[in-house]
Amino acid sequence: MPIIVFASSKGGAGKSTSACLLANALANTGANVTVIDADPNRPLTRWASHAKLPDNLKVVTNKDESTILAEIKESAANSEFVIVDLEGVASVTVSYAISRANLVVIPVQGSHLDAVEAAKAVRLVRNQEEAFERKIPFAILFTRTSPAIRGRTLASIEQNFKEAGYPVFTTQLLEREAYKAIFSCGKTLYQLTSSHSSNIDKAVRNSEQFALESIRIVRGLPVEHPDSLDHGQDDKPNVAEIA
Amino acid sequence: MADEKRLNPIADILANEVEELRHGKGQPQFDNDDFPSADKVKAVGERVGFVSRDSVAVKQDETQEAVEVRKPYRWTTGRNRTTTIRASDETINLFDKVATKLKLQKGVVLERALAAFIRETGVDVDD
Ligand SMILES: Nc1ncnc2c1ncn2[C@@H]1O[C@H](COP(=O)(O)OP(=O)(O)OP(=O)(O)O)[C@@H](O)[C@H]1O
Ligand SMILES: [Mg+2]
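Because the structure is predicted, anything quoted here is derived from the model rather than measured. (Residues numbered from 1 in each chain as written. Chains lettered and ligands numbered in written order. Predicted model: local features only at pLDDT ≥ 70, side-chain atom pairs only at ≥ 80, totals over all residues. Heavy atoms only, no water.)

Bringing the interface of chain A and chain B into the picture now. Interface size is commonly expressed as the accessible area that is lost once the parts come together. Every contact between the two is made by 57 residues of chain A and, on the other side, 40 residues of chain B. Together, the buried faces of chain A and chain B total about 4200 Å²; carbon and sulfur atoms form 63% of this surface. Taken as a group, Arg100(A), Phe132(A) and Arg219(A) account for 15% of the area that chain A buries against chain B, more than any other trio of residues on that side. Our count for the chain A to chain B interface comes out at 4 salt bridges. A salt bridge links Glu20(B) to Arg219(A); the nearest nitrogen and oxygen atoms lie 3.0 Å apart. For the pair chain A and chain B, the interface holds 8 residue pairs in polar contact (both at pLDDT 80 or more). The set of elements that each furnish at least two residues to the side of chain A that touches chain B consists of α1 (15–28), α3 (68–78), α4 (92–99), α5 (112–132) and α8 (200–218) of chain A. Ranked by the residues each element gives to the side of chain A that touches chain B, the list is headed by α5(A), at 10 residues. A per-class count over the side of chain A that touches chain B returns 28 nonpolar, 15 polar and 14 charged. (Contact = heavy atoms within 4.5 Å. Buried area = accessible area lost by both parts, 1.4 Å probe. Salt bridge = Lys/Arg side-chain N within 4 Å of Asp/Glu carboxyl O. Polar contact = N/O pair within 3.5 Å; in protein donor to acceptor, adjacent residues only side chain to side chain. Helix = DSSP H or I, 4+ residues; strand = E, 2+ residues; numbered from the N terminus. Nonpolar A, V, L, I, M, F, W, Y, C, P; charged D, E, K, R; others polar.)

Residue and element names in this part refer to chain B. Of the residues in chain B, 66% have a pLDDT of 70 or more, and the chain-wide mean is 74. Of all helices and strands in chain B, the one with the weakest mean pLDDT is helix α4 (residues 71–77) (44), whereas helix α3 (residues 38–47) scores best (95). Counting contacts from residues 1–5, a segment whose pLDDT is below 50, to residues more than four positions away or on other chains yields 1 contact. Note on residues 56–75: pLDDT under 50 across the span, and 23 contacts to partners over four residues away in sequence or across chains. At the level of chain-chain contacts, confidence expressed as ipTM amounts to 0.86, with global pTM at 0.77. (pLDDT = per-residue confidence, 0-100.)

Below is the structure:
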């Protein structure tokens, strides 16, 4: 019953996509997964209304900030994993969700704006840790990164996070057509076929690696990548710096 | 068979992790009574700018180009009518896709598409 919360007040950082991918990957192992759509724009509720979800994956819609704590409590009692997708604003709902989290995933695309908003989320996590004397594991997740190139901005943001002592997921969620297709086609990642998108196997592997790392963090274990696994950068040519 | 498995070793490792978690290995303690009250959480959040939604104007980065158009804007554009159009799945999906790709409200896509169509066909729409 870990509760995994996706937070960043930056709109479009990749919260809903990453949350959906994690839910898909966990449900695919047979686990019971509840996604709480706590974004008033209801992106995942809409997705769930189109997609034919497996029985062990469900999306519930949170009403507003006054209901989120009860929603989390109820979902946690009824499922093995609770995943909370939040709106891209600095709201009380975000505070509430984080207060119950066993892992806070903070998605960041390679822009400084994303990094600034990520820092706000980290500040909130750390303030709560201090105020309530509870460790709240969190980690930055780079999303929509290129398989082939690693831009300078991304590298410098990574460096800043390192210096600030922010944990960063080893896995990056790559920019993948399949990750858009789940929404545009109204399917789970595992229901996609080559008619919906190319490179589905790579997309599956990348998101499962992200899920694996999430679980390791929740369990308080070091991230372990078997030698055969690449760290999300699964497309050659390899890392190159571009201006 | 072993080869087949090795095609996606991550799926197996992930399933294994979930199974271990299920058996309590590293399962986080979840006890709602231990958690801080809503009031306390709210107060800590407000100190770092996480405020009640009712009190924030709908926030949108000015630096970000035309993301989803939010309420106040919608009311001033005159794009407040709805219509039902029968179309194939394919067409509707394409419409969604274009709007998403261009990060435009569907009403805007429709306007631009019509303008393009009028240009292309030269049809006279002024009575
Ligand atoms: N890994 C990815 N590969 C390809 N496209 C992605 C990826 N992650 C996100 N996107 C795209 O980026 C856009 C924003 O992503 P998403 O909706 O997940 O962000 P968000 O943080 O939930 O946004 P909001 O703050 O509005 O809720 C969407 O169009 C989505 O399809
Ligand atoms: Mg979202």
